[in-house]
Structure formats: C-alpha cells, structure tokens
Amino acid sequence: MFVVMNRIPVNPDYTEQFEERFTNRAGEVDKMPGFVRNQVLRPTNPDDPYVVLTVWNSKDDFEAWVNSDAFRKGHAQSGALPHEAFRGRNKLEQFEIILDTA
C-alpha cells in the first residue's frame, strides 16, 4: 500500500471555501484503478495545515493517476482559490505502509 499526504496551509479566512472544494469535488480519483480512499483532515490547531491523504494499492497506481486525463479533469475545477487563500506552499509527502492494524 502507498500513501500520499498533501499538507496545505490555508488562510483561516478561506477554510470554508477550501473545504467546499472537496465537498463538491469532481470525484475522478475514485474511478482510478488502485485507488483505495481519500481523506481530508481539518487541523484542530489553526496554525497547522490541512492534510489531503490518498491511499493507493501501489506507487505505480498513484503515478498513473497523476499522469492521467482524469487527474487533469479533477484538478481543473472552476472557482480555484486565490493565492492569498494559502499561508505558504503545500508539501507533498509519499509513504509506503509497513504496518496497518486495520
């Protein structure tokens, strides 16, 4: 299993709009081979970033998503947030799961 975490520092004035984008997302990733689940984590500490977490069967499945037309379609939502909605750059992290007690 493979996990991707995108840490996104959102300006507090834009949290509602940021969350709305995920509530109304295109859902293209859900149709991809090897996709397991997507979670959007709201920080309880306002200084921490949101975390968008996706779980995949493999790194190859994730890379196929990133290089797909579905990825471009899913990320081409209208109503993109303005630059000032973010308090800094996002950080994309990738992990291999070595233990899962689920």
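Note that the structure is predicted; figures quoted are calculated from it, not measured.

(A) Up close: the overall build of the protein. Broken down by element type, the protein carries 3 helices and 4 strands. Overall, the protein shows an N-to-C arrangement of helices and strands of β-α-β-β-α-α-β. At 14 Å, the protein has a C-alpha radius of gyration in line with the 13 Å of a compact globule built from 102 residues. By principal-axis analysis of the C-alpha atoms, the protein measures approximately 35 × 30 × 20 Å.

(B) Representation of the pattern of salt bridges. One pass over the full model with this rule turns up 7 salt bridges. Salt-bridge contacts for Arg42 lead to Glu19; the nearest nitrogen and oxygen are separated by 2.7 Å. You can see Arg42 sitting in the loop between strand 2 (35-41) and strand 3 (50-56) and its partner Glu19 sitting in helix 1 (residues 15-23), a full 23 residues away along the chain. The exposure class of Arg42 is exposed, given its relative accessible area of 57%. If you follow the salt bridges from partner to partner, you end up with Arg7, Lys91 and Glu93 in one network.

(C) The arrangement of the sheet that holds strand 2 in detail. Spatially, 4 strands are ordered 2-3-1-4 in an open sheet, and the strand pairing comes out antiparallel. In the strand order of this sheet, the two ends are held by strand 2 and strand 4 (91-96), each with one partner. If you compare each strand with its neighbour and ignore which way they point, the axes differ by 15 degrees on average. Two elements, strand 1 (residues 2-8) and strand 4, share 6 bridges in a ladder whose sense is antiparallel. If you follow Asn6 over to strand 4, its bridge partner there is Leu92. Helix-sheet contacts for helix 1 involve strand 1, strand 2 and strand 3, and the interaxial angle to strand 3 is about 15 degrees.

So, how was this worked out
Residues numbered from 1 in each chain as written. Predicted model: local features only at pLDDT ≥ 70, side-chain atom pairs only at ≥ 80, totals over all residues. Heavy atoms only, no water. Helix = DSSP H or I, 4+ residues; strand = E, 2+ residues; numbered from the N terminus. Rg over C-alpha atoms; globule rule 2.2 N^0.38 Å. Salt bridge = Lys/Arg side-chain N within 4 Å of Asp/Glu carboxyl O. Buried < 20%, exposed > 50% of the residue type's maximum accessible area, 1.4 Å probe, protein only. Pairing = 2+ DSSP bridges. Axes fitted to C-alpha atoms, helices over the stretch in contact; angles between N-to-C directions. Contact = heavy atoms within 4.5 Å.

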